[in-house]
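A closer look at the structure
Spelled out from the first residue to the last, the chains are:
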Amino acid sequence: MQKTGIRRARTVDELTAAGPLFDGPALPEASARFLRTPGHHLFLAYEDDAPVGFVSGVETIHPDKGVEMFLYELSVAEAYRHRGIGRSLVEALAALARERGCYGMWVGVDTDNAPALATYRGAGGRDGGGCAVVEWSFV
């Protein structure tokens, strides 16, 4: 098995092991549903067989646009930041998006999140202009 590098998550156990990278522990039922849902993707970055980062993306489709990749979330463990891991994860998702015929990829990011902006720009992204985030909470 590859000790270091980026690979696609395929099992609930992989997602559970990556739990410290998420906002909270990976939920087994949600993880299983994520993995079996077409168009949902998650790559993990490993160092010495330990997950140190992830990027998730969801393919979205619209009748007048076709399919695009929404970069849902990116995280790299603090001790592993500034090594190009985040950029490599974004590039892996972008490569998958191209492979799957997506016309583009996008991510929402706070304008004051300099580390995220630097990562996305370093992976070839460009600013698409300002935007506001409007949320609905159902819990």
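In what follows, the accompanying structure is described.

The rules behind the values
Residues numbered from 1 in each chain as written. Predicted model: local features only at pLDDT ≥ 70, side-chain atom pairs only at ≥ 80, totals over all residues. Heavy atoms only, no water. Helix = DSSP H or I, 4+ residues; strand = E, 2+ residues; numbered from the N terminus. Buried < 20%, exposed > 50% of the residue type's maximum accessible area, 1.4 Å probe, protein only. Contact = heavy atoms within 4.5 Å. Areas by Shrake-Rupley, 256 points an atom, 1.4 Å probe, with all protein chains shown as cover. Lys, Arg positive; Asp, Glu negative; His and termini not counted. Charge placed at Lys NZ, Arg CZ, Asp CG, Glu CD. Arc of directions from axis to C-beta. Polar contact = N/O pair within 3.5 Å; in protein donor to acceptor, adjacent residues only side chain to side chain. Core = buried A, V, L, I, M, F, W, Y, C linked by side-chain atoms within 4.5 Å. Patch = residues over 30% accessible without salt bridge, like charges linked within 9 Å, V, L, I, M, F, W, Y side chains within 5 Å. Salt bridge = Lys/Arg side-chain N within 4 Å of Asp/Glu carboxyl O. Expected span 1.5 Å × (residues − 1).

Before going further, it helps to spend a moment on the overall build of the protein. Scanning the protein from terminus to terminus reveals four helices and five strands. Moving toward the C terminus, one meets the helices and strands of the protein in the order β-α-α-β-β-β-α-β-α. Counting only C-alpha atoms and orienting by the principal axes, one finds that the protein spans roughly 40 × 35 × 30 Å. Classification of the 139 residues of the protein by burial places 32% in the buried group. Intrachain contacts of the protein at a sequence separation of at least 6 include 55% that bridge at least 24 residues. Here the protein has roughly 9300 Å² of accessible surface; of this, 53% comes from carbon and sulfur atoms. Once the 14 positive and 18 negative side-chain charges of the protein are each reduced to a mean point, those two points are 5 Å apart.

Those residues of helix α4 (residues 114-122) lying buried are Ala 116, Leu 117 and Tyr 120. The buried residues of α4 occupy an angular sector of 100° when the element is viewed end-on, so they sit on one face. Facing away from the buried surface of α4 by more than 90 degrees, the exposed residues are Ala 114 and Pro 115. As for α4, its buried residues are in contact with β4 (66-76) and α3 (85-99). Backbone nitrogen of Ala 116 and a side-chain oxygen of the N-cap are separated by 3.2 Å at the start of α4; the cap is Asn 113. Count one or two residues on from α4 and you reach Gly 124, which has phi positive near 100°.

Counting 17 residues, the largest nonpolar core has Phe 43, Val 55, Leu 71, Ile 85, Leu 89 and Leu 93 as its most contacted members. Broken down by secondary-structure element, the contributors of at least two residues to this core are β2 (40-47), β3 (50-62), β4, α3 and α4. For this core, the leading source of residues is α3, giving seven residues. Excluding residues within four positions of it along the chain, Ile 85 makes contact with Ala 45, Glu 47, Val 52, Val 76 and Tyr 80. Ala 9, Leu 15, Ala 18 and Phe 54 belong to the second-largest nonpolar core, a separate cluster that totals ten residues.

Here we come to a nonpolar patch on the surface. Taken together, the side chains of Val 134, Trp 136 and Phe 138 present a nonpolar region at the surface, about 470 Å² in accessible area. Among the secondary structure elements, Trp 136 is positioned in the segment after α4.

Since the α-helix turns once every 3.6 residues, residues separated by three or four places project in the same direction. Between its first and last C-alpha, α3 extends 21 Å over 15 residues, near the 21 Å set by a 1.5 Å rise per residue. Within the sequence span of α3, burial applies to Ile 85, Gly 86, Leu 89, Val 90, Ala 92, Leu 93, Ala 94, Leu 96 and Ala 97. Looking at the buried residues of α3, the elements they touch are β1 (5-8), β2, β3, β4, β5 (105-106) and α4.

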